[in-house]
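Chains, contacts and geometry: an overview
Next come the chains, spelled out residue by residue.
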Amino acid sequence: MIAACWFTGKDILMQIPVPRKKNLRRSLTYAGAALLILVVTLYLALPVAALFFRIPPETFFAALGNPEVQSALYLSLITTTITLTVVVIVGTPFAYFHTRLDYPGKMIVETLIDLPLVLPPAVAGVALLVLWGRVGFLGRYFNLFGISIAFTTTAVIMAQIFVASPFYLRQAKSLFEQFDLSYEYTARTLGASPARTFLTVTLPMTAGGLVSGAVMTFGRALGEFGATIMFAGNLPGVTQTMPLAVYVGMEGNLTIGLTISILLVIISFVIMIAVRYLAHREASHA
Amino acid sequence: MLDVVITRTLRDFTLDLEFAVRAGEILVLMGSNGSGKSTTLNIIAGLLSPDAGCIRLNGSTLCEPARGADTPVEDRKIGYVFQNTAVFPHLTARDNIAFGLRARRIPPLEIRKRVDALLGATHISDLSLVNAGNLSGGQKQRVALARAMAIQPALLMLDEPFTALDTESTRDIKGLIRKFVTEMQIPCIIVTHRQTDSTDIGDRALVLCAGKKEWEGVPREMPEECLVCQCL
């Protein structure tokens, strides 16, 4: 056993006899830990790996040219990009005001922000339909002017916003709550207006965390299924996003289902790597 | 000239204070942790409101709740250096110092001139393009001080400015503050724990205890019982 001598600071070699029983217990603990890590890792990795081995690469690349795949990919990317833009533009100032201001019913709003995280997506879809459907509480009035929301691409975006926005809002809220106010106070005493302070101090100093929240939101919106199928339906080219196309593919053309699944896995990997990189950068800056 | 008469109910006691600081004078505010020193600075800066009283700077009222007068923080022209320096880590030292000047829409040429002069005066010219997040505690303190001075404030307030500094830097910064306050003829308030700081730089000291004035006078004449009392 190597240990540092307490007064010289030099490494010295010490032979401390370790009891046999203790040694055996330690080895068993390590073996148990290794087995646990292996089982959990395989449980998570094997299904994902199996996807890649199910179809040969040439079939995968050929299927990428399929109009159904391209249409679902295009629709998913367009809708998730719009969703993300709306969530960031509306969600950032909302989270800031919510954090900085005390207002009646703040706790209720706080709970409502988190609600979509625990609400089954299908229920979220039904709720949206009951509100915005052709005979819904609000939808019926829009219908009078010939505006139909349910079962359109707009409905896809609304479902994604409902389900995915908490990921961004929670992150933004937590960042603004933890932000050291002395930075904002300093900017104000130096002559900056509240808006300028937010844009030039608070926002840049929380940007890493906000981007990481945005990436998670993008990922959740991309994988949205339950609320979308309930509120927007499954119309190819209009509301059939990638997860919905996987569902249809698995019932008919398996290659299409698998190809889109692999695409989603790749995108999810890229998202997770981006989030980890941003979190690491944030931690090293702090 | 700064005139302060303030009352504010805090969690543990009521801050009830009256004092004045003349132009070119440095008042050292002393007291134990939680005695109301930083709260006093925050009220003067406009970051907190007093329950009652009046704050006047060079004849104009900054705050007087009874009359509904309350000048916004950004219009008070107060250079305030926080205890943690609050140097913006995403900006360079130069951009930190220029921050207040840009917010006040000073012409770029004038900004460059003032920033260069302050970088030189605080001995951080070679660090001007370094991101402030990468500076040492002492260097950050210099940037924060230069940034507060850049706006040519009507009042300078520093909360524990010497804690992160070594002996040489402390002497240097004290000299710089004294020179600035004398040249600009502005009142200055420095919050500190250390009695040596008060005798080194303070023209007058005010000892706070649980929100009340315990003693006020020339730092060298601070009575022994005040030095050993619970307030310091």
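Refer to the structure presented above.
Everything in this summary refers to the structure shown in the same document. Bear in mind the structure is a predicted one, so any value in this text is a computation, not a measurement.

What follows deals with the packing of helix α2 (residues 93-103) of chain B against helix α3 (residues 108-121) of chain B. All names here are of chain B. Where α2 contacts α3, the two axes come as close as 10 Å, and the packing angle between them is 135°. One way to sum up the angle between α2 and α3 is to call them oblique. For the crossing formed where α2 meets α3, the hand is right-handed. For the pair formed by α2 and α3, the contact residues are Arg94, Ile97, Ala98, Leu101 and Arg102 on the first element and Ile111, Arg112, Arg114, Val115, Asp116, Leu118 and Leu119 on the second. Taken together, the residues of the contact of α2 with α3 sort by class into seven nonpolar, no polar and five charged.

So, about a positive patch on the surface. A surface patch of like charges, here positive, comprises Lys21, Lys22, Arg25 and Arg26 of chain A. Relative to the helices and strands, Arg26 of chain A is located in helix α1 (residues 20-54).

Taken together, the 18 residues of chain A in the interface contact 22 residues of chain B. The contact between chain A and chain B buries some 1,700 Å² in all, and 65% of this surface belongs to carbon and sulfur atoms. Our enumeration of links across chain A and chain B arrives at one salt bridge. A salt bridge links Glu74 of chain B to Arg188 of chain A, with the nearest nitrogen and oxygen atoms 2.4 Å apart. At the boundary of chain A with chain B, the tally comes to six residue pairs in polar contact (both at pLDDT 80 or more). For the side of chain A that touches chain B, the secondary structure elements donating two or more residues are α8 (181-189) and α9 (194-222) of chain A. Looking at which element gives the most residues to the side of chain A that touches chain B, the answer is α8 of chain A, with seven residues. Taken together, the residues of the side of chain A that touches chain B break down into nine nonpolar, six polar and three charged.

Let's shift gears to the pairing of strand β7 (residues 78-81) of chain B. The side chains of a regular strand alternate between the sheet's two faces. Residues and elements named next belong to chain B. Every second residue of β7 is oriented toward a common face, with Ile78 and Tyr80 on one face and Gly79 and Val81 on the other, all of them buried. Judged from the four bridges that link them, β7 and strand β8 (residues 155-159) form a sheet pairing that is parallel. Paired with Val81 across the bridge in β8 is Leu158.

Moving on, we come to the packing of helix α4 (residues 137-150) of chain B against helix α5 (residues 167-184) of chain B. Relative placement of two packed helices is described by the angle separating their axes and the distance separating the axes. Residues and elements named next belong to chain B. Contact geometry for α4 and α5: axes closest at 12 Å, N-to-C directions at 5°. In this view, α4 runs roughly parallel relative to α5, as classed from their interaxial angle. On α5, the residues touching Arg142, Leu145 and Met149 of α4 are Ser169, Asp172, Ile173, Leu176, Ile177 and Phe180.

Conventions we followed
Residues numbered from 1 in each chain as written. Chains lettered and ligands numbered in written order. Predicted model: local features only at pLDDT ≥ 70, side-chain atom pairs only at ≥ 80, totals over all residues. Heavy atoms only, no water. Axes fitted to C-alpha atoms, helices over the stretch in contact; angles between N-to-C directions. Helix = DSSP H or I, 4+ residues; strand = E, 2+ residues; numbered from the N terminus. Parallel < 35°, antiparallel > 145°, perpendicular 65-115°, else oblique. Left-handed = near helix turned anticlockwise from the far one by under 90°. Contact = heavy atoms within 4.5 Å. Nonpolar A, V, L, I, M, F, W, Y, C, P; charged D, E, K, R; others polar. Patch = residues over 30% accessible without salt bridge, like charges linked within 9 Å, V, L, I, M, F, W, Y side chains within 5 Å. Areas by Shrake-Rupley, 256 points an atom, 1.4 Å probe, with all protein chains shown as cover. Salt bridge = Lys/Arg side-chain N within 4 Å of Asp/Glu carboxyl O. Lys, Arg positive; Asp, Glu negative; His and termini not counted. Charge placed at Lys NZ, Arg CZ, Asp CG, Glu CD. Buried area = accessible area lost by both parts, 1.4 Å probe. Polar contact = N/O pair within 3.5 Å; in protein donor to acceptor, adjacent residues only side chain to side chain. Buried < 20%, exposed > 50% of the residue type's maximum accessible area, 1.4 Å probe, protein only. Pairing = 2+ DSSP bridges.

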